[in-house]
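# Structural overview for review
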Amino acid sequence: MIKKVFLSVCTLFLFFQIQAQILPLIPLPNSIQKAEGTFSINENTIIFAEKKSAEAAYLKQYIFENYGLKLKVTHKTKAAINIITFLNANGKDCENNREEYQLNVSKNTINIYALNNAGIFYGIQTLIQLLPIEKSTVLKIPCLQINDAPRYQWRGMHLDCSRHFFTKNEVKKYIDYLAMYKLNVFHWHLVDDQGWRIEIKKYPFLTKIGSKRKATLIGKPTFDSLGNPSANDKYDSTLYEGFYTQNDIKEIVAYAKNRHITVLPEIEMPGHSLAALAAYPQYACNAGPFETYSRWGVSDDVYCTGNDEAFVFLENILKEVMELFPSKYIHIGGDECVKTKWKSCAKCQKRKADEHLKNEEELQSYFITRIEKYVNANGRQIIGWDEILEGGLAPNAALMSWRGINGGIAAAKQNHFVVMSPGRPCYFDHYQSRDKAAEPMAIGGFNPLDSVYNYNPTPDSLNENEQKFIMGAQANVWTEYITNFSQVEYMALPRMSALSEVLWTNMEYKNFPDFQERLYIHKGILDRMKVNYAKHFLPIK
Ligand code: ACM
Ligand code: ZN
C-alpha cells in the first residue's frame, strides 16, 4: 500500500514536472499534450519522406548547419526506430489554405502528419524550436503530441527596400525569420519616390536612373513658413543606389516558395512614383525633368491620369512583374497620392470630364480600376492601401488597412477582402520603448511588444459574415530612418514573434506573460542566428 501511494505520488510529481516544463514555441501551438521521455536525434537518425521532399532537405540542412549532424534522407526504409517521418496525407503541395499539422514525438519516432507540404513545413518549424539551443551530437526532444493550425490565412511582414536598399542575402535572412514564425506573406516594397529597385527589361532607365539618388536627407524633413523644404535641412551627398536584377528576384521568390512564403510585390501608383518619373518624365502631368527624391515624405509629382501612354507604361511594367511573381495578389500601392498636379493638368481634367467624374478622388478610382482590369485580365487580383476606397473601390480589389482599421471595416462591409495593418500597432518603424533618447531614431509613434501581442485583427463591429473577409494582418517596416539591416532586425524582432502569435494562435490560448516566458528561452535561437533583436523584454539588471 505504502509502495503504491509512493508510486502514484511519483507519477503525479513527474506529471507536474512535465507540465511545468516551458516549451519555447512561438507562435504557441493550439494543442500540446506533453508525455514522458525524449526522442534523441543523433547521427544515425533517418528522415523519411515518401518522395523527394524539399521539406526533408530543409530539415536535413538545418540540422547540419546548426549542429553539424549529417542525417540521411530516404524514401524507402523498414526502420521503425530513430526515424523522423513526414506524411503528407494527399501527397500534394496544394494551395488549399489547409495548413494544419500534427507533430508526434515518441521515444522511438517523430511523425509529422499534414494535408500538404505547407503543413509539413510548419511541423518542421515547431520541431526545430524544440531542439536544444546548445550545439550537441545528441539532440533530445521532449515526447509530446501537438495539433496545430493557423487562425488566419494571411500572415504577413513587409519590408521597404526603396528608402533603403537591402541586399539579396539580407532579404533572404528576413524571409528566414518569417519562416521561423510560420508567416506566409513577404510584402516587398520595391519602388517609391526615393528609389526604384526592380529591373524591368522594357524600361532600363527605371534602374539606370530611378535606382539612384544623388543625396539623402539626414534626419527628419523640416519646412519653412510657406511649407517648402527648409534651407536648413542637411543632406548626405553620397550617391545612394541599388536594385534587384530579375535573376535576383527569381532567386528570392524561389527561396521564399521553398519556405511556403508568397512574395507580394508592391509597385506604387499613381503616387509615390517620382523615381519612375525621373527616368520617364513623359508619364507625369508636368514636363519635368525630375530627380529621385533625396528627402523623406511624398512627392506631388505623380502619374498623369489623362495620358493613355502612362497606362501602357504601367501595364508593361506589371506584365514583367506578373511574370516574376506568381502571387495571386499584386500590390499597386494607391496611398497618399497628392492630387494637386491633376487639378491643374489639362489632360487629367479632360479625363475627368470625359468619364463624368465628380472630383480627383473619383479620378484616382478611375486610375485604379483601369489598372485592376489589366491585372484581372492576366488572372491576378490587385490589393492596395486604404486610400483606394476613396472615390469608390475597384470592383475586385482587396484592401490593406493602414490608417487605422476603419478602411478595413468599410471594405469588409462591401464584401472585399482585407488585410489589417493599422499604424498602431502594426508599424514596426515606430518606437518600441518610451525611452526614445536611448533608441535609434524612428519615425515616431509607440508600438511596444505587448501592444503588438494584444492586437486582434478581426474587429468586433463586423458581423460573422463580414469577418470572413478579414484575411489576416501584417506588420510594415518602412525604412526612411532604418539605414542598415542590423537596424531592420532591431525594429522587426521580437515584435515579429508577437505578431506571429496574433496571426497563428487562437485568441483563447494567448497570454502575454506566458509569451514573455517562452520568448526568454526562445531568444537563444535568435542569439544563435546572430539576430540584432531589441532587448526590452529582458529583465532589467
Ligand atoms: C503608408 O504607410 N503610406 C501605406
Ligand atoms: Zn495629368
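The structure contained in this document is the topic of the report that follows. In this text, all values refer to a predicted model and were calculated from it rather than measured experimentally.

### Considering the environment of S136
Within the secondary structure, S136 is located in the loop between helix 3 (117-130) and strand 7 (139-148). For S136, a relative accessible area of 27% puts it in the partly exposed group. S136 has contacts with Y67 and L69, leaving out every residue within four places of it along the chain. A polar side-chain atom of S136 sits 2.9 Å from the main-chain carbonyl oxygen of V138.

### What about the pairing of strand 7?
Most of strand 7 sits out of view: seven of its 10 residues are buried. The pairing of strand 1 (residues 31-41) with strand 7 spans eight bridges and is antiparallel. The residue of strand 7 that forms the bridge with F39 is I141. Sheet topology note: the strand 5 (residues 101-105)/strand 7 ladder contains five bridges and is antiparallel. Bridge assignment links V105 to a residue of strand 7, and that residue is L144.

### Describing the nonpolar core
If you look at the biggest cluster of nonpolar residues, it comprises 157 residues, and the most contacted ones within it are Y174, W188, W196 and I198. The biggest single contributor to this core is helix 8 (residues 308-324), with nine residues. Listed in part, the 13 residues of the second largest apolar core include L264, W385, W402 and Y427.

### Observations regarding helix 12 (residues 406-413)
One full turn of an α-helix is made of 3.6 residues, so residues set three or four places apart face in the same direction. Those residues of helix 12 that fall on the buried side of the exposure criterion are G407, G408, I409, A411 and A412. Summarising the contacts, the buried residues of helix 12 are in contact with strand 19 (398-401), strand 20 (418-420), helix 15 (464-467) and strand 21 (470-475). N415 occupies a position one or two residues after helix 12 and carries a positive phi of about 60°.

### Here we look at empty space enclosed by the protein
The method is simple in principle: a probe with the dimensions of a water molecule rolls over the atoms, and the space it marks as empty is what remains. Following the criterion strictly, the structure yields one cavity of 30 Å³ or more and no others. In this structure, the largest cavity encloses a volume near 50 Å³. In this structure, the largest cavity is lined by D429, M441, A442, I443, W478, E480, Y481, I482, Q487 and M491. Taken together, the residues of the lining of the largest cavity break down into seven nonpolar, one polar and two charged.

### Here we look at unusual backbone geometry
At the junction of M269 and P270, the peptide bond is cis and its omega measures out at -10° in the coordinates. Here P270 lies in the loop between strand 16 (262-269) and helix 7 (274-279). Between G288 and the following residue, P289, the backbone shows a cis peptide bond with an omega angle of 0°. Along the chain, P289 turns up in the loop between helix 7 and helix 8.

### A word on a nonpolar patch on the surface
A contiguous nonpolar patch, built from I22, Y520 and I521 and spanning about 240 Å² of accessible area, is present on the exposed surface. Relative to the helices and strands, I22 is located in the loop between helix 1 (2-20) and strand 1. Judged by relative accessible area, which is 34%, I22 ranks as partly exposed.

### Observations concerning the pattern of salt bridges
Scanning the model with the defined rule gives 27 salt bridges in all. A salt bridge links E251 to K168; its shortest N-O distance comes to 3.1 Å. Of this pair, E251 sits in helix 6 (residues 246-258) while K168 sits in helix 4 (residues 168-180), placing them 83 residues apart in sequence. Taking relative accessible area as the criterion, E251 reaches 33% and is therefore assigned partly exposed. Between K214 and E291 there is a salt bridge, with the nearest N and O atoms lying 2.6 Å from each other. Taken together, the residues K214 in the loop between strand 12 (212-213) and strand 13 (216-218) and E291 in the loop between helix 7 and helix 8 connect sequence positions 77 residues apart. A relative accessible area of 55% means that K214 is categorised as exposed. Sharing partners across several salt bridges, the network here consists of D160, R163, D192 and E480.

Analysis parameters
- Residues numbered from 1 in each chain as written.
- Chains lettered and ligands numbered in written order.
- Predicted model: local features only at pLDDT ≥ 70, side-chain atom pairs only at ≥ 80, totals over all residues.
- Heavy atoms only, no water.
- Helix = DSSP H or I, 4+ residues; strand = E, 2+ residues; numbered from the N terminus.
- Buried < 20%, exposed > 50% of the residue type's maximum accessible area, 1.4 Å probe, protein only.
- Contact = heavy atoms within 4.5 Å.
- Polar contact = N/O pair within 3.5 Å; in protein donor to acceptor, adjacent residues only side chain to side chain.
- Pairing = 2+ DSSP bridges.
- Core = buried A, V, L, I, M, F, W, Y, C linked by side-chain atoms within 4.5 Å.
- 1 Å grid on protein atoms, 1.4 Å probe; cavity = no way out; pocket = protein on both sides within 12 Å on 5 of 7 lines; lining within 4 Å.
- Points joined across faces, edges and corners; volume = space filled by probe spheres on them.
- Nonpolar A, V, L, I, M, F, W, Y, C, P; charged D, E, K, R; others polar.
- Patch = residues over 30% accessible without salt bridge, like charges linked within 9 Å, V, L, I, M, F, W, Y side chains within 5 Å.
- Areas by Shrake-Rupley, 256 points an atom, 1.4 Å probe, with all protein chains shown as cover.
- Salt bridge = Lys/Arg side-chain N within 4 Å of Asp/Glu carboxyl O.

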